Structures are given as structure tokens and as C-alpha cells.
Amino acid sequence: MSPPTLDTMSQSPTRHRLQRPLLFALAAVVACVSFSLVAASSGDRQESYQSCVADCDRDICQPTSPASIAALTTEQLEVREGSLSQRLLQWSCVDNCRYLCMQAITEVALLKNEPVHQYHGKWPFYRMLGMQEPASVLFSLLNGYMHVRAWPMLKRVIPESYYLRPFYLGYALVGMNTWLWSAVYHARDWPSTEKLDYFSAGAAITYGLYYTVIRILHIVNQRTQFLWGLVCLIPLLLHISYLGFVHFDYGYNMAATATVGAIHNLLWIGWSIKHWRDRPYAWEPTVSAALITSAMCLEVLDFAPLWGILDAHSLWHAATIPLVPIWYRFLLKDTEWEVRNYKGVQVSHRD
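Residues numbered from 1 in each chain as written. Predicted model: local features only at pLDDT ≥ 70, side-chain atom pairs only at ≥ 80, totals over all residues. Heavy atoms only, no water.

### Notes on the environment of Ala304
Part 1 of the reasoning: Residue position: Ala304 is located in the loop between helix H13 (284-296) and helix H14 (312-320).
Part 2 of the reasoning: The class of Ala304 is partly exposed, set by a relative accessible area of 25%.
Part 3 of the reasoning: Note: C-alpha distance between Ala304 and His117 (187 residues apart in sequence) is 7.9 Å.
Part 4 of the reasoning: Not counting residues up to four positions away in its chain, the partners in contact with Ala304 are Val116, Trp123 and Leu310. (Helix = DSSP H or I, 4+ residues; strand = E, 2+ residues; numbered from the N terminus. Buried < 20%, exposed > 50% of the residue type's maximum accessible area, 1.4 Å probe, protein only. Contact = heavy atoms within 4.5 Å.)

Structure, rendered in C-alpha cells:
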């Protein structure tokens, strides 16, 4: 079987029809998400919020004498000291003041049918066990669990001689790492956890493009695999270095990762078109690309959290949970087909 080339894929009119809606959806996601990221939070600029936090800080956080502390009520002491989970996640007294003021103002706004505001870049979520966004934490962990569950299946089903076995196992490890840091970031938003979340997601998207090119072009030579790995790794390291040490640009990061993800999807769509008739499962990558793009559109529908828990971002994470096993199922089908029908899929030694 000869691997598809970029030229043969670009000549297909069907590919162009599939490409246009995907690119339009991508552009909408990038534009809307970038706008929401650069827009300043309106809640923490409210005078009522600022005065509430200042009063709470003055009356509860700043007193230091034993007599003034003893005069605090039980509720005020809980704000000052925090629960065990809040202390473990390093919620300070001022942080607790901000949370309580944010929730109090939001409750009044809901009763009056007034708009709900964001505070310090976040919707007013209810904390649970000290976690800022409990729904996103749960859904991130469930996404990671899908990769954990796939790991033993990959090791059991994929022959050791198959040249993509280490890359698919690597994909599972990268997925576990990505969703672990997503859960950590949504549990507690610090600059360090935010960077680990964004950088891990960027690495996962880049790794997806890395093994996809190896699979579609049937790159079995290890030296070529290594060189292609450098082509992917160097821009990723430059990207991370710029965000980490020069300027953390949300819009640029979104545009960069979305572009790499779009290239990944278009490659698989081209592969689907090439093998539409000779492989009964060839339609699955195109459907997966459409589903993941649809899930990304939830980011465009940014809205205040339902019941203080579920927002568009958390629902996006929820939507990707069933997509992970669907993709693994495709990879295993493709592996079985390749091993059964072709001989040129064995591990190649270096020249």
C-alpha cells in the first residue's frame, strides 16, 4: 500500500467541501475564545465587590491581637482560618473574603434577574472541597481515566512488532499527563498550574500531529521518525519558552494550538477520503474530527455556570470523555487491519 501524499489529498474536491466548514468552525472558536480571554472581568471592578472585600479584610483578616481575634464569631473564624481542604489548597483569608463577596453579590444579581459577572477572570463557581471549578476537575479526571483504561488494552492487543505500538502507548501517557494537569489547574488556579495545564495541552496536540504523520506516511525508519520528532519538538519548545519567559499571550496560544489541531484533523480527513472504499472503518477519523470540533464550539457559548457549577468550559471537558475511547477503538481497528493485510508495518532498524 502506498501512503497518501499531500498532493493527492489536496486534489480531492470532497476534501475541500469537508475542509471549509471545519476551518470556519476553527476560526469562530479562535475569535470568540480570544475575545473572551482579553476582555477584562467586570465583577472585580464593581464598587460593591471592592468595598465588601476591603471590609472583610479589615474586620476578619487584619486583626492580630488575641482580644480582637477572640471577638470574632464562629463564621468569621471559619473565614479567617479556612477549612482543612482550603488550607491544603492554600486559600488565604483574603481569598475567602473574595469568594464570599463574589457569591453574595451573585446571589443578589440572580434574585433581581441581573447579569452575572466574572471575577478575576473566573465565573462565580461554588467551591467544593476547596476546588475552584469542581465540575471541570471531575471531567478532567474522567478524561484521564479513559487513557488509563486504554493503556493495558493497547499493551495486550497491539503486537510488539508493530512499529506504532510505542507511539500509541506514548499517546496514552501524554493523555494521562494532560488531563492530570487540567484537573490540578481547575482545582486551584495559580500561574504555575495554569502554565502546566496549557503547556501539557500544547504538548498533547503536537504529539497527536507527530504520530499522525508517522502513521499516515508509514514512516517506519527510526532515524526519520527521530528527525520528524525534532521538527515537532523544536517549535513546541520555542512556543513554551515564549509563553513561559517572554509573554503569556492567551490569544496566540489559542491560535497556535488550534492551528496544529486543525492540521491534525485535516490529515485524518484526507486519509479517510483516500481509504473510503477499501477500509470499512475509514469514516471514523472524519466523524471524530467533526465531534471534537463540535465540542470545541461549547467554548464559544460562554455562559454563567448553571447552579454555580456547570459552565461551557466544563461541558466541553464532559463532551470529550466519550470521544477518547472512540478514538482508541479506531486506532486498534486500524492496527488490526494493517497487521493482517500488510507486511510493511514491522519495526524498522536504523540504516
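The rest of the description comes next.
### Things to note about the side chain of Arg279
Part 1 of the reasoning: Within the secondary structure, Arg279 sits in the loop between helix H12 (250-274) and H13.
Part 2 of the reasoning: Within the structure, the side chain of Arg279 is placed 2.8 Å from the side chain of Tyr281, a separation counted as a polar contact. (Polar contact = N/O pair within 3.5 Å; in protein donor to acceptor, adjacent residues only side chain to side chain.)

### Brief notes about the nonpolar core
Part 1 of the reasoning: Core analysis: the largest hydrophobic core is formed by 37 residues, its most contacted members being Tyr211, Ile214, Tyr328 and Leu331.
Part 2 of the reasoning: Those elements that place two or more of their residues in this core are helix H8 (134-157), helix H9 (165-187), helix H10 (191-216), helix H11 (222-246), H12 and helix H15 (323-341).
Part 3 of the reasoning: Those residues within four positions of Leu331 in sequence are excluded, and the remaining contacts are Tyr168, Tyr171 and Tyr211.
Part 4 of the reasoning: Residues Val53, Tyr99, Cys101 and Ile105 belong to the second largest nonpolar core, which totals 7 residues. (Core = buried A, V, L, I, M, F, W, Y, C linked by side-chain atoms within 4.5 Å.)

### A closer look at a nonpolar patch on the surface
Part 1 of the reasoning: There is a patch of nonpolar side chains on the surface, built from Phe226, Leu227, Leu230, Leu233, Ile234, Leu237 and Leu238 and spanning about 660 Å² of accessible area.
Part 2 of the reasoning: Looking at where Leu238 falls in the secondary structure, it is placed in helix H11.
Part 3 of the reasoning: For Leu238, a relative accessible area of 58% corresponds to the exposed category. (Patch = residues over 30% accessible without salt bridge, like charges linked within 9 Å, V, L, I, M, F, W, Y side chains within 5 Å. Areas by Shrake-Rupley, 256 points an atom, 1.4 Å probe, with all protein chains shown as cover. Salt bridge = Lys/Arg side-chain N within 4 Å of Asp/Glu carboxyl O.)

### Observations concerning H13
Part 1 of the reasoning: Under the 1.5 Å per step criterion, the end-to-end length of H13 is 18 Å for 13 residues, consistent within 8% with the ideal 18 Å.
Part 2 of the reasoning: Taken as a whole, H13 has its buried residues at Glu284, Pro285, Thr286, Ser288, Ala289, Thr293 and Ala295. (Expected span 1.5 Å × (residues − 1).)

### Things to note about the state of the cysteines
Part 1 of the reasoning: Under the criterion given, the structure shown has 3 disulfides.
Part 2 of the reasoning: The partner cysteine of Cys56 in its disulfide is Cys97, sulfur to sulfur 2.0 Å. For the disulfide bridge between Cys56 and Cys97, the dihedral angle about the S-S bond is near -70°, and by the sign convention the bridge is left-handed. Taken as a pair, Cys56 in helix H3 (residues 47-61) and Cys97 in helix H7 (residues 93-111) lie far apart in primary sequence, 41 residues in all.
Part 3 of the reasoning: Taking the relative accessible area as the measure of exposure, Cys56 reaches 13% and is therefore buried.
Part 4 of the reasoning: Cysteine pairing for the chain, with bonded cysteines counted in sequence order: 1-6, 2-5, 3-4. (Disulfide = S-S within 2.5 Å.)

### Comments concerning the packing of aromatic side chains
Each aromatic ring pair is specified by the distance between its two centres and by the angle formed by the two planes.
Part 1 of the reasoning: According to the stated counting rule, one finds 22 aromatic pairs in the structure shown.
Part 2 of the reasoning: Considering the side-chain rings of Tyr49 and Tyr119, the 5.0 Å spacing of their centres and the 50° angle between planes classify their relative orientation as tilted. Separated by 70 residues along the polypeptide, Tyr49 in helix H3 and Tyr119 in the loop between H7 and H8 bring together distant segments of the chain.
Part 3 of the reasoning: Relative to Tyr281, the ring of Trp271 lies with its centre 6.1 Å away and its plane at 35°, an arrangement referred to as tilted. In this pair, Trp271 is assigned in helix H12 and Tyr281 in the loop between H12 and H13, connecting sequence segments 10 residues apart.
Part 4 of the reasoning: Aromatic ring contacts, followed pair by pair, group Phe167, Tyr168, Tyr171, Tyr207, Tyr210, Tyr211 and Tyr328 into a single cluster.
Part 5 of the reasoning: It is Arg127 that lies over the ring of Trp91; its NZ or CZ is 4.5 Å from the centre.
Part 6 of the reasoning: In this arrangement the basic side chain of Arg127 is found over the ring face of Tyr99, its NZ or CZ atom lying 4.1 Å from the centre. (Phe/Tyr/Trp six-rings, centres within 6.5 Å; stacked < 30°, edge-to-face > 60°. Lys NZ or Arg CZ within 6 Å of the ring centre and 35° of its normal.)

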